[in-house]
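What follows is each chain in one-letter form.
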Number of protein chains: 2
Amino acid sequence: MILTVTLNPALDVTYTVDAISAHATHRVRHVVSQPGGKGVNVARILHAVGEPVLVTGLLGGVTGAFVMTQLDAAGVPVSFVRIQGECRRTVTVVDAGEATGFWEPGPTVTPAEWGRFVEHYAALVRLARVVVLSGSLPTGLPADAYAVLIRTAAAHRVRTILDSSGEALWLGIAARPDIAKPDAEELAERLAATATVVSHPCIGDDDVGPARQVLRLGARAVVVSHGRRGLVGLTGDQAWRVAAPEAITGNAAGAGDACVAALARALHDGTPWPAPLADAVAMSAAAAGAPVAGVVDQDTYCRLRPYIAATAQAAT
Amino acid sequence: MILTVTLNPALDVTYTVDAISAHATHRVRHVVSQPGGKGVNVARILHAVGEPVLVTGLLGGVTGAFVMTQLDAAGVPVSFVRIQGECRRTVTVVDAGEATGFWEPGPTVTPAEWGRFVEHYAALVRLARVVVLSGSLPTGLPADAYAVLIRTAAAHRVRTILDSSGEALWLGIAARPDIAKPDAEELAERLAATATVVSHPCIGDDDVGPARQVLRLGARAVVVSHGRRGLVGLTGDQAWRVAAPEAITGNAAGAGDACVAALARALHDGTPWPAPLADAVAMSAAAAGAPVAGVVDQDTYCRLRPYIAATAQAAT
C-alpha cells in the first residue's frame, strides 16, 4: 500500500468568469470544488490507476469535512487526524484561459495535534510499503516535520518520496528519503544561497551537477523536474535525462503531482531505474492537459509512454 | 415575532490581500466567513437589538450546513427548508479599502422543494406578526414567489415588508405588501421602462413622484432608499423625506439591510409614521461603518438617532 501524507490539504475552488477586473463585481459562471493539496492529488491519481493507496494528514473544520466527503465519494480511502483549525481553500478565478489565484493561509496546528499525528502515522506506516510526503507545512509544525516522518518510515523499512520546498524540503532531505523531488528552480535558489557551504561545486553538465548535490545532502535518489523540458534523475553514480514530449503544456501543478504518483508506483512495484523516470514524464504529460490537478488522461498516457525513454548521462 | 425569509442565502467570505492583480497568485492575509443574504442580515440585526426573530428560507449542501451552524452559534433561531443544491458563496477580496467581488450562481430549486417551502412558510407565518421578504430569487423559483408569500401572510393578517429587485420586486408589489423598499436606481430604471403604461406621470417633486407610483402599483407604503442622501417614505397621501447624517459612507449593502430591520421593528411594535423612517436612517448610518453586513454599531445608533427627523413633503 502507498500512504500519502498531506499535512496542509485544501479545498481547491475554481471559478469561471467572463473577464476579471480589479475592484469590480463578477458573476461566477461555473464553480468546481475538489479536494486538493499535493499528497491528496497524488493519491487521487494512484487510486485512478488502480494502486492501493491510503490518504493521511491533518484536516479540520467544515471545509475539511467537505474534503473528506468528496474523497469518500470518489472511493479514495482516508485516515486523517482531525484538528481544530479550518482547512484552507484555494480560489482560482479563470477568465479566457488565464488564472488569478487566492490562497487562504490555512490552519495553525497545535503541538498536541502534531503529537497525535506522529502517533497515528507511526501506526499507519507499518501497513505501507511506500510513503509519499508532499506539499507545504501548515503554521505550527516544526520545520523538520518531514525529517521526523522519514526517519519513522525508515525504522520500519518503508520507502519514502519527498516533494516539498524550502526548509521543509531541505531538512527532510537530510533524513535520507529514498527519492527527493525538488524542482529545478528550488534547487537553483538553494544551491546559490548555500554556495559557500557546498564543499564540491558543480562540475560538468549543467543539470546533473546541481541534482548530485541533493544526493550529497542525504537523498538516496533525486528526481529534478525541469517543467516542460523533462526530468533529470540520479541514483548512486548513475544519471539519466528524460526529455518531455513536445506536447507538455498546461497545468504545471497537476503535472508535478502525476510525476510523484508515477515514482511512488515504481517504488511500490520495485521497477528498476531508469524506467520510473520515463513513466513519470508520460504521467506528467497526461496530467498537464487536465484543467484541475489530480487527474490523468489514460489515453494520452498510453499513447505517449512507448515513445519516452531515459538517456544515460555522464556521471559527474 | 418577525419572520425573515431568505430564499437565496449565502456564505459571505471576505479575503484581505495586499494588492489585487489580475492573473497573479495572492496570499490571503485574513479570512472572514459569515452567513449572508439580505434576509439573514436583517435577522442578525434584529436579533442583536433584542427583537424576537425567526429565520426561514431555502438552504442546501455543505455550505448551507455551515451557514446554519454559524447562525446557531450566534443564537439566531432558524427554521430552513433543506434543498439538494449547494448554498452559494460570495467571495469579496479587499485590498486597500477597495473590494473585488465574485458571486457564485447559487442552487437551482426544484418545484417540489418550492412546494415544501410554501407549506413550511404557511405554518410559520401563523406565529409571526411581521414577515420580511428580502433579496434575490434562486434559479427555479417562479417570478411571483414573493407575491405568493405576501398573499399567504395577508390571509393571516400578518404584515409584510418586501426588499428585492427586478421582476420579483414588481410582481411582489402587485400583491400589496405593507411596505415596499426599492432603491432609487431600481425605481428610476423600472419607471423609465414602463413609462408608456403608467397612467399618471410624475408631477412635482422629483423624489416623491416616482415613489408614489409604487403605491399605485399596489404597495400600502413605500420607502425608497437614496443611499447617502437618505430616504423618502410615503403612505396613503402622506410623504416624508429624511436626510442622512453627513457621516453615512461605507457598506451600502449593510446599510440597506439595517434600514429594513428598523422598518420591521417599527411594524412589529406599531410605531406610527414617520418615526420609523428616522429610525431606519439612524440604523443605516450605524450599519454603514461596519466592514460586513448584518452588524449595527449601537453607540453610533444611539448618538445619531436624536438628531434625525422626518420632514413632511407636499403630496403630489
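Criteria and thresholds
Residues numbered from 1 in each chain as written. Chains lettered and ligands numbered in written order. Predicted model: local features only at pLDDT ≥ 70, side-chain atom pairs only at ≥ 80, totals over all residues. Heavy atoms only, no water. UniProt positions renumbered as here; feature names shortened; annotations may be inferred. Helix = DSSP H or I, 4+ residues; strand = E, 2+ residues; numbered from the N terminus. Rg over C-alpha atoms; globule rule 2.2 N^0.38 Å. Buried < 20%, exposed > 50% of the residue type's maximum accessible area, 1.4 Å probe, protein only. Contact = heavy atoms within 4.5 Å. Areas by Shrake-Rupley, 256 points an atom, 1.4 Å probe, with all protein chains shown as cover. Lys, Arg positive; Asp, Glu negative; His and termini not counted. Charge placed at Lys NZ, Arg CZ, Asp CG, Glu CD. Buried area = accessible area lost by both parts, 1.4 Å probe. Salt bridge = Lys/Arg side-chain N within 4 Å of Asp/Glu carboxyl O. Pairing = 2+ DSSP bridges. Axes fitted to C-alpha atoms, helices over the stretch in contact; angles between N-to-C directions. Core = buried A, V, L, I, M, F, W, Y, C linked by side-chain atoms within 4.5 Å. Least-squares fit on C-alpha atoms with pLDDT ≥ 70 in both. Left-handed = near helix turned anticlockwise from the far one by under 90°. Nonpolar A, V, L, I, M, F, W, Y, C, P; charged D, E, K, R; others polar.

In the annotation of an unreviewed UniProt entry, chain A is listed under the name Tagatose 6-phosphate kinase and assigned to Krasilnikovia cinnamomea. In the Sequence similarities (unreviewed entry) part of its UniProt record, chain A is described as follows: "Belongs to the carbohydrate kinase PfkB family."

Another aspect to go through is the overall build of chain A. Secondary structure summary: chain A contains ten helices and 15 strands in total. Its C-alpha atoms give chain A a radius of gyration of 19 Å, near enough to 20 Å, the size a compact globule of 316 residues would have. By residue count, 55% of the 316 residues in chain A fall in the buried class. For chain A, contacts bridging at least 24 residues in sequence account for 66% of all contacts bridging at least 6. Only carbon and sulfur atoms are counted for the fraction: they give 53% of the accessible area of chain A, which is about 13000 Å². Distance between charge centres in chain A, computed from 25 positive and 28 negative side chains, equals 5 Å.

What follows concerns the interface of chain A and chain B. Taken together, the 30 residues of chain A in the interface contact 30 residues of chain B. Of the roughly 2500 Å² buried between chain A and chain B, counting both surfaces, carbon and sulfur atoms make up 62%. Its largest share of buried area at the contact with chain B, chain A owes to His23(A), Phe102(A) and Trp103(A), together 25% of the area lost on that side. Our count for the chain A to chain B interface comes out at zero salt bridges.

The five strands lie next to each other as 3(A)-8(B)-7(B)-2(B)-4(B), forming an open sheet whose pairing is mixed. Both outer strands of the open sheet, strand 3 (25-27) of chain A together with strand 4 (30-36) of chain B, are each paired with one neighbouring strand and no more. When the angles between neighbouring strand axes are averaged without regard to direction, this sheet yields 15°. Two elements, strand 7 (residues 88-95) of chain B and strand 8 (residues 98-103) of chain B, share six bridges in a ladder whose sense is antiparallel. What sits directly across from Val94(B), in strand 8 of chain B, is Ala99(B).

For the rest of this paragraph, the subject is unusual backbone geometry. In this structure, the amide linkage connecting Trp273(A) to the following residue, Pro274(A), adopts the cis form with an omega of 5°. Tracing the sequence through the fold places Pro274(A) in the loop between helix 8 (252-269) and helix 9 (275-288). At His23(B), a residue that is not glycine, the phi angle is positive and equals roughly 65°. With respect to the helices and strands, the residue His23(B) is situated in the loop between strand 2 (10-16) and strand 3 (25-27). Residue His23(B) is classed as partly exposed on the basis of its relative accessible area of 37%. At Arg176(B), a position not held by glycine, the phi torsion is positive, near 65°. You can see Arg176(B) is positioned in the loop between helix 5 (166-173) and strand 11 (179-180).

We now examine the nonpolar core. Of all hydrophobic cores here, the largest spans 112 residues; its most connected members are Phe102(A) and Phe102(B). If we skip the residues at most four places from it in the chain, Phe102(B) touches Tyr15(A), Val17(A), Ile20(A), His26(A), Val28(A), Val93(A), Phe102(A), Arg89(B), Thr90(B), Val91(B) and Val93(B). By size, the runner-up hydrophobic cluster in this structure holds 44 residues, among which are Val81(B), Tyr121(B), Val158(B) and Ala168(B).

Least-squares fitting of chain A to chain B yields an RMSD of 0.0 Å, with the superposition described by an axial translation of 0.0 Å and a rotation of 180°. In the structure described here, the two chain copies are related by an operation that fits a two-fold rotation axis. Among all residues of chain A, the minimum C-alpha distance to the rotation axis is found for Ala22(A), at 3.5 Å.

Moving on, we come to the packing of helix 8 of chain A against helix 9 of chain A. Residue and element names in this part refer to chain A. Packing of helix 8 against helix 9 brings their axes to within 7 Å, and their N-to-C directions diverge by 145°. As for the relative orientation of helix 8 and helix 9, their crossing is right-handed in sense. In this structure, helix 8 uses Gly254, Ala255, Ala258, Cys259, Ala261, Ala262, Leu263, Arg265 and Ala266 to contact helix 9, whose residues at the interface are Pro276, Asp279, Ala280, Met283, Ser284, Ala287 and Ala288. The residue inventory of the contact of helix 8 with helix 9, partitioned by class, reads twelve nonpolar, two polar and two charged.

Looking now at the pairing of strand 1 (residues 2-6) of chain B. All names here are of chain B. Across the five residues that make up strand 1, a large majority, five, are buried. Across the two faces of strand 1 the burial is the same, with Ile2, Thr4 and Thr6 and Leu3 and Val5 all buried. Here strand 1 pairs with strand 5 (residues 53-60) via five bridges, running parallel. Bridge pairing in strand 5 places Ile2 opposite Val53. In this sheet, strand 9 (residues 130-134) lies alongside strand 1 in parallel orientation, the contact comprising four bridges. From the neighbouring strand, Thr4 faces strand 9, where its bridge partner is Val132.

Another aspect to go through is the environment of Gly294(B). Residue and element names in this part refer to chain B. For Gly294, the location among the structural elements is in the loop between helix 9 (275-288) and helix 10 (298-304). The buried category is assigned to Gly294, whose relative accessible area is 7%. In this structure, the C-alpha to C-alpha distance between Gly294 and Ala258, residues 36 residues apart in sequence, is 7.2 Å. In this view, Gly294 contacts Asn41, Arg44 and Ile45; residues no more than four positions away in its chain are not counted.

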